[in-house]
Amino acid sequence: MIPIQNFLVLSSILFSLGIYGVLARRSAVLILMSVELMLQAVSINFIAFAVYLSPEQFTGLIFAIFVITVAAAEVGLALAIVLRIYRNKATANVDEVDALKW
Amino acid sequence: MSYEEVIFYFVAALTVSGALGVVLARNIVHCALFLILALLAVAGVFILLSAEFLAIVQVLIYGGAVTILILFAMMLTRVRDLPQAVDGPQRPFAALAAGAFMGLSILAAVSTEWPGETEEITLVPFRDLSESLFRNWAAPFEIASLVLLVALIGAIILARGEEGE
C-alpha cells in the first residue's frame, strides 16, 4: 500500500517543473507544454484524494475527467492563437509579442 | 519495500525525468517527445491509483491527440528555425520560484495528517463511475460538451483567418 504522501510529493514536483517551464521558456509552444505538466499534477492530486479520502464518492475522479476535457479544449484554442500570432508577427517567441507593452 | 512501491518509484522516476526533459531540453522537438513520455508515465500513476478509466482517457487524449496537436503547431510555426537558446533571461528567478513552491508544497503534503484515509485502495468500478457522471454530474457533462464545441469552432475561426487575407 503506497501512502498518499508519495503521490502528493510526485504531483508537487511535477507542478514545480511546470512553473519553472512557464517562467523560463520563451517559445509559446513550450510554455503550453509546461502548462500541460501543471494540469497533469493537478489531475494526480484530484485522483489521489478521491481514491484515498472518499472512495465511495467519485467527485475527484469526475473532476479529473473535466480537467482533461478542458485541457484538450485549451490546447486546441491556444495553439490556434499561437498560429495566428506566428502568421501576423512571424515569431512564436513570447518576448517579441509586446504590442500591449507600455 | 513491496512490489507496489517499486513500481510506483519506477513510474514516478519516468514521470519526473520526462518533465525535466520538457523544461530543460535544448531541442524543441525533443521537448515534445519528452512530454509524451511524461504523459504516458502519468497514465501509469493513474493505474497505480486504481483509476483505470482515467488512465485510458489519458493515453487516448494526451498520448494521442494533444501531443500530435503540439507537434503540428511546431511544424507550422517552424520553431526549428529559431535560435537554440529557448530560455529567457529570467531563468534563475524561475528556478527560485519553482524551488520555493516545491519545498513548501512537499512540506505541506508530508506534514499534514489526512483525515479519513482508507487502508486499502479498491478498484474504481466503471459502472459506479459512469452512473455518478451521468446522474449527479449530468449538467456539468453537458456544459463540458458545449465547451468543446465552442473551442472547436473558435480554433477553426482563429486558425483560418479572415476572408480576403
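All values derive from a computational prediction rather than experimental measurement.

Looking at this structure, how should I read the overall build of chain B?
In terms of regular secondary structure, chain B is built from six helices and zero strands. Along chain B, helices and strands appear, N-terminal first, in the series α-α-α-α-α-α. With respect to the principal axes defined by its C-alpha atoms, chain B has extents near 60 × 45 × 25 Å. The burial tally for chain B puts 24% of its 165 residues in the buried class. Within chain B, residue pairs in contact and separated by at least 24 positions form 51% of the contacts whose partners lie at least 6 positions apart.

Looking at this structure, I do not really get the overall build of chain A. What am I missing?
Looking only at helices and strands, chain A has three helices and zero strands in total. Put simply, chain A runs from its N terminus to its C terminus through helices and strands in the order α-α-α. Rg of the C-alpha trace for chain A: 17 Å, well past the compact-globule value of 13 Å for 102 residues, more than 25% over. Seen through its C-alpha atoms, chain A measures out along the principal axes to roughly 50 × 25 × 25 Å. Across the 102 residues in chain A, those meeting the buried criterion constitute 59%.

Can you help me understand the domain arrangement of chain B in this one?
The accessible area lost on association of the parts is a frequent measure of interface size. Under the domain assignment used here, chain B contains domain 1 (1-82) and domain 2 (125-165). A C-alpha centroid distance of 23 Å is found between domain 1 of chain B and domain 2 of chain B.

Could you clarify how one ought to interpret the packing of helix 3 (residues 59-89) of chain A against helix 3 (residues 52-77) of chain B in this entry?
When two helices pack together, their arrangement is given by the angle between the helix axes and by the axis-to-axis distance. At a minimum axis distance of 10 Å, the contact between helix 3 of chain A and helix 3 of chain B shows a crossing angle of 5°. With respect to their mutual orientation, helix 3 of chain A and helix 3 of chain B come out roughly parallel. Facing Leu61, Ala64, Ile65, Ile68, Ala72, Val75, Gly76, Leu79, Val82, Leu83 and Tyr86 of chain A of helix 3 of chain A, the residues of helix 3 of chain B in contact are Leu54, Val57, Ile61, Ala65, Val66, Leu69, Ala73, Leu76 and Thr77 of chain B. The residue makeup of the contact of helix 3 of chain A with helix 3 of chain B, split by class, is 18 nonpolar, two polar and no charged.

Analysis parameters
Every residue gets a number counted from 1 within its own chain, in the order that chain's sequence is written. Chain A is the first chain written and ligand 1 is the first ligand written, with later ones labelled in order. Since the coordinates come from a predicted model, pLDDT governs what is reported: local features require at least 70, and pairs of side-chain atoms require 80 or more to be given and counted, while whole-chain, interface and lining totals use all residues. A helix here means a DSSP run of H or I that spans at least four residues, while a strand means a run of E at least two residues long, and both kinds are numbered starting from the N terminus. Field definition: a residue is buried when 20 or more other C-beta atoms are found within 10 Å of its C-beta, exposed when 12 or fewer are, and partly exposed for counts in between, with C-beta atoms placed from the backbone. The contact criterion used here is simple: two residues whose C-beta atoms, placed from the backbone, lie within 7 Å are in contact. Only the C-alpha atoms count toward the radius of gyration. The rule for a globule is 2.2 Å times the residue count to the power 0.38. Boundaries of every domain are those given by an automatic assignment or by a domain database. Angles run from 0 to 180 degrees between N-to-C directions of axes, and those axes are lines fitted to C-alpha atoms, restricted for helices to the stretch in contact. Any angle from 65 to 115 degrees is called roughly perpendicular, while one under 35 is roughly parallel, one over 145 is roughly antiparallel, and all others are oblique. Polar here means any residue other than Ala, Val, Leu, Ile, Met, Phe, Trp, Tyr, Cys and Pro, which are nonpolar, and Asp, Glu, Lys and Arg, which are charged; Gly is therefore polar.

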